[in-house]
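Survey of secondary and tertiary structure
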Amino acid sequence: MKEEASRVDNKVSTPLRRVPFLDLCAQYQSIRTEIESAIGEVVRTQRFVLGSEETRFEKAFAAHSRVPHAVGCSCGTSALFIALAALRVPRGAEVIVPTLTYPATAEAVILAGAVPVLVDVEADTGLIDIEATRKAITPRTWGILPVHLYGQMADMKAIAALAQPKALKVVEDAAQAHAAESGGLRPGTVGDAAIFSFFPGKNLGAYGDAGAIVTRDAALASWMRQYRNHGRLDKYRHDFVGFNFRLDAIQSAVLEAKLPHLGEWTEGRRRVVDQYRAGLRGCGVQCLVERPHNRHVYHLFVIRHPERDRLKKRLAERGIDCGLHYPIPLHLQPAFASADCPPGSLPRAESLCRELLSLPVYPEMTQEQVDYVINEVRAHA
Ligand SMILES: *Cc1c(COP(=O)(O)O)cnc(C)c1O
């Protein structure tokens, strides 16, 4: 009765709901017995670092990625660093990186002794801009580091066409793009290597930090496997200086248990996005696009709105948590600023960063939650 009345008098009639940005507890509940038995097995054996779980996960992840070799490591950031080290990036060499990405992409380049050259992105996808990349190539350019941002692959055909004639290396940052495809090809098929993050909130998430590198090159994979474990050949012999970037057994066991579900989870994300796209048509927000030849895996679903901060606040008041990926492009971060890229120099990324907003998207979202987000965005946009 009361509900009926308020629906009549009150314009904001939908009852308040909670839509968290991410709901890892819901996923855990759906696979609880598999996860607990996988973790239990590691605890029972007391073998916590690398080991048979890690080897099994590497095999399964390589097969899933449709790339011959996968090397597990401690996180996505170390995966980027290992890939650059394995490809022998020279000190001071230039690596082209999109300015719209998570800072780890450029950090790994700097830690590896090279120089990130930041370039602008496409306004409608946020992906590295091919023309900007072409213009950024100099005699000092060593490689290109495209980011498959939000779960959609950059145009790898076009990047290969720029890289091949000049023998540039290509490392793909696929931290957000597990099982994404471009023209039927997955990350690591075109580039020399692709890296993944299994941070808990990624599409395939561990129960802590974890990452992997995939490559078609067997020699590169074996060097990386040795490098992540102190350059160790066997228990007492060290061929070269490496470091500790190992993946632990509990993370491997969790990832191995989750991997068979990734396909259905990706479908779930895509179903939510289909509804968002249909439901948000014509309400003043612009959805970033999925290119026709791509299969976007929607780690994030990003919209643009000229009054982004107001919209974000209104949605938060209505119980909907949104994210910003990312509000500041790297060239405007003190950590990565350089005289070559002053404010205003990469205008598409700068205006996108002012307007972008990530809506909640995960396979466990209920129909009610999806409808509620659509209605609230429409009401407040
Ligand atoms: C998450 C992420 C990383 C870093 O991965 P970690 O596992 O957190 O170290 C790198 N690049 C991008 C684009 C990411 O989203």
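Values in this document were obtained by computation on a predicted structure and should not be read as measured data.

**A few points about the packing of aromatic side chains**
Considering all chains together, one arrives at 14 aromatic pairs under this definition. Seen from their ring centres, Trp 223 and Phe 240 are 5.1 Å apart, and the 10° between their planes marks the pair as stacked. Of the two residues, Trp 223 is situated in helix α9 (residues 218-227) and Phe 240 in the loop between β10 (237-238) and α10 (249-258); the sequence distance between them amounts to 17 residues. The class of Trp 223 is buried, set by a relative accessible area of 16%. What makes Phe 240 partly exposed here is its relative accessible area of 24%. Between Tyr 298 and Phe 301, the ring centres sit 6.1 Å apart and the planes meet at 55°, which makes this aromatic pair tilted. An aromatic cluster is defined as three or more aromatic residues linked by ring pairs; in this entry it consists of Phe 81, Trp 223, Tyr 227, Phe 240, Phe 243 and Phe 245. Its guanidinium or amino end placed over the ring of Tyr 372, Arg 17 lies 5.9 Å from that ring's centre, counting from NZ or CZ. Here the guanidinium or amino end of Arg 88 rests over the ring plane of Trp 223, the centre of that ring lying 4.6 Å away.

**Brief notes about the pairing of strand β13 (residues 301-304)**
Judged by which residues are buried, β13 turns out to be covered on both faces: Phe 301 and Ile 303 on one side and Val 302 and Arg 304 on the other are all buried. Note: strand β11 (residues 286-287) against β13, 2 bridges, orientation antiparallel. Directly across from Cys 287, in β13, lies its bridge partner Ile 303. Pairing geometry for β13 and strand β14 (residues 356-359), over 4 bridges, is antiparallel.

**Digging into the domain arrangement of the protein**
When the parts of a complex come together, some accessible area is lost, and that lost area is often taken as the interface size. Here the protein is partitioned into domain 1 (6-23 + 261-380) and domain 2 (30-259). Taken over C-alpha atoms, the centre of domain 1 sits 26 Å from the centre of domain 2. In this assembly, 33 residues from domain 1 lie in contact with 42 residues from domain 2. Here domain 1 meets domain 2 over a buried area of about 3,500 Å², counting both sides, of which 58% is carbon and sulfur. For the interface between domain 1 and domain 2, the tally reads 3 salt bridges. Counting across the domain 1 and domain 2 interface gives 28 residue pairs in polar contact (both at pLDDT 80 or more). At the level of secondary structure, the elements contributing two or more residues to the side of domain 1 that touches domain 2 comprise α11 (262-279), β12 (294-295), β13 and α13 (347-355). Counting residues per element, the side of domain 1 that touches domain 2 draws most heavily on α13, which supplies 5 residues. Its residues placed into classes, the side of domain 1 that touches domain 2 shows 20 nonpolar, 7 polar and 6 charged.

**Let's talk about the side chain of His 299**
Topologically, His 299 is positioned in the loop between β12 and β13. A distance of 2.9 Å separates the side chain of His 299 from the side chain of Asn 203, its partner in a polar contact. In this structure, His 299 is in contact with Tyr 150, Gly 151, Gln 176, Gly 201, Lys 202, Asn 203, Arg 269 and Val 361, ignoring residues within four places of it in sequence.

**Considering empty space enclosed by the protein**
Gaps left between atoms show up when a probe the size of a water molecule is rolled over them. This structure, assessed with the given rule, holds 3 cavities of 30 Å³ or more. Volume-wise, the largest cavity comes out at about 90 Å³. Residue lining of the largest cavity: 14 residues in total, with Leu 22, Leu 24, Gln 27, Arg 269 and Glu 364 positioned closest to the centre. Partitioned by chemical class, the residues of the lining of the largest cavity number 5 nonpolar, 4 polar and 5 charged. Taken domain by domain, the lining of the largest cavity gets at least three of its residues from each of domain 1 (6-23 + 261-380) and domain 2 (30-259). If you trace the second largest cavity, you find it lined by Thr 125, Tyr 150, Gln 152, Arg 277, Leu 288, Val 289, His 296, Tyr 298, Leu 300, Phe 301 and Val 302. A breakdown of the residues in the lining of the second largest cavity according to their chemical character gives 7 nonpolar, 3 polar and 1 charged. Domain assignment of the residues forming the lining of the second largest cavity places at least three in each of domain 1 (6-23 + 261-380) and domain 2 (30-259).

**Remarks on the confidence of the model for the protein**
Mean pLDDT over the protein: 95, with 97% of residues reaching 70 or higher. Within the model, pLDDT remains below 50 along residues 1-10, and this stretch shows 2 contacts once partners closer than five positions in the same chain are excluded.

**Brief notes about the pattern of salt bridges**
Tallied over the full model, the rule gives 24 salt bridges. Here Arg 308 ties to Asp 309 by a salt bridge, and the two come within 2.8 Å at their closest N and O atoms. For Asp 309, a relative accessible area of 53% gives the class exposed. Among the ionic pairs, Glu 317 bridges to Lys 313, the shortest N-O distance being 3.6 Å. With Glu 317 and Lys 313 both in helix α12 (residues 308-317) and 4 residues apart, the pair spans about one turn of that helix. The partly exposed category is assigned to Glu 317, whose relative accessible area is 47%. The network of salt bridges with common partners includes Glu 54, Glu 58, Arg 225 and Arg 228.

Reading the values: the criteria
Residues numbered from 1 in each chain as written. Predicted model: local features only at pLDDT ≥ 70, side-chain atom pairs only at ≥ 80, totals over all residues. Heavy atoms only, no water. Phe/Tyr/Trp six-rings, centres within 6.5 Å; stacked < 30°, edge-to-face > 60°. Helix = DSSP H or I, 4+ residues; strand = E, 2+ residues; numbered from the N terminus. Buried < 20%, exposed > 50% of the residue type's maximum accessible area, 1.4 Å probe, protein only. Lys NZ or Arg CZ within 6 Å of the ring centre and 35° of its normal. Pairing = 2+ DSSP bridges. Domains from an automatic or database assignment. Contact = heavy atoms within 4.5 Å. Buried area = accessible area lost by both parts, 1.4 Å probe. Salt bridge = Lys/Arg side-chain N within 4 Å of Asp/Glu carboxyl O. Polar contact = N/O pair within 3.5 Å; in protein donor to acceptor, adjacent residues only side chain to side chain. Nonpolar A, V, L, I, M, F, W, Y, C, P; charged D, E, K, R; others polar. 1 Å grid on protein atoms, 1.4 Å probe; cavity = no way out; pocket = protein on both sides within 12 Å on 5 of 7 lines; lining within 4 Å. Points joined across faces, edges and corners; volume = space filled by probe spheres on them. pLDDT = per-residue confidence, 0-100.

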